[in-house]
Every structure is written in C-alpha cells, then in structure tokens.
Amino acid sequence: MEKHELIFEKIKIFLNKYFPDQIEEKGNGMYLAIKNTGVWIASDSRELTVGYEMTHIHCDPEIDDLNETTELFFNLLTCKKQIIKYYKGDFSYKHRIELLLDDNEIYNIGTAMTWIFPYWKKTTTKVEIKDEIIELKKVENDLNEIKTMHNPQ
C-alpha cells in the first residue's frame, strides 16, 4: 500500500470516529464526504484528492507535497471558510473558496465556474462565512498522529 493510501485509511478511521453517522462513502469506500459540509476526500492508486464542494486539489505523492494536502484537509475541518459567489443576474456562475486561517491569513483553495452564463448581465457577489466543522482542540492529537505518518522517520 502506498503512503497516500495509508493516510487515506487513517483519515477514514478518524472521520468515522468523529462523524460516525455523517460519512457518505462511494467508489468502494475510496471517496468519503461529510454530509452537509461540502468537505470530501478521495484516493486511488495514484493520488489523494481533497475538496470542498466542486473545488478540489489533487496530490500525486511523487510530485506534490503530501504534507500540504493533508494539512489542507484538516484545515477544511477546523477553520472557517469564506465562499465568494459571483452572479450574473440571478445566475451563480462562479465561486471562490478561501480558508480563514489563524493570524488573519487567507488561503485560496480555488475557484470553480461554468462557462455558460448570461455574460451581458451585471456581476454581483455575495460572501458567505461557514464555521469550522469541528474544533481543533478536540481533534488535535489525532490530527498530529496522521500528519506525522508521511514524514521521514
């Protein structure tokens, strides 16, 4: 089993511990989402993918930093999220997801949009703040154990 697959299995155990009745599994258990939160994680033989709603980041452990991807997943659980929705008239065509980290830092996860929208209409935006899903203090020990799995011994 590859390192990212081991981390995924540990995260699966973690999620079932803290969200026992809220986990949705698909793809033979290789896709996990926490109901009504937008947060999800998936794994396959090649990569680990972490997402919030439609916005997501792929991590190929041979190229990308597995630590950053793991950290992102835990930040999605323990930090507030700012969702900026862009509208053309009443049609929502784009949204940007940002994490509100400690020290007043903002981490842009990404932007998702559709290409078919009424471009001639006036653009408006709405900002929504989503609270953390779980308090960091409650899960810190478990998170640290998982985070150290991918560091060299």
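Residues numbered from 1 in each chain as written. Predicted model: local features only at pLDDT ≥ 70, side-chain atom pairs only at ≥ 80, totals over all residues. Heavy atoms only, no water.

**A look at the packing of aromatic side chains**
Thinking step 1. For the structure on display, the rule yields six aromatic pairs.
Thinking step 2. When the centroid spacing of 4.4 Å and the interplanar angle of 25° are considered together, the rings of Tyr-93 and Phe-117 count as stacked. In this pair, Tyr-93 sits in strand β7 (residues 91–100) while Phe-117 sits in the loop between β8 (106–113) and β9 (123–130), placing the two residues 24 residues apart along the sequence.
Thinking step 3. Overall, Tyr-93 belongs to the buried group, its relative accessible area being 9%.
Thinking step 4. Centroid distance Tyr-119 to Trp-120: 5.2 Å. Interplanar angle 85°. Geometry classified as edge-to-face. Across the pair, Trp-120 and Tyr-119 agree in class, each one exposed.
Thinking step 5. An aromatic cluster is present here, built from Phe-14, Tyr-18, Phe-73 and Phe-74 joined pairwise through their rings.
Thinking step 6. Over the aromatic face of Tyr-86 sits the side chain of Lys-94, whose NZ or CZ is 4.4 Å from the ring centroid.
Thinking step 7. Positioned over the ring face of Tyr-87 is Lys-126, at 5.0 Å from the centre of the ring. (Phe/Tyr/Trp six-rings, centres within 6.5 Å; stacked < 30°, edge-to-face > 60°. Helix = DSSP H or I, 4+ residues; strand = E, 2+ residues; numbered from the N terminus. Buried < 20%, exposed > 50% of the residue type's maximum accessible area, 1.4 Å probe, protein only. Lys NZ or Arg CZ within 6 Å of the ring centre and 35° of its normal.)

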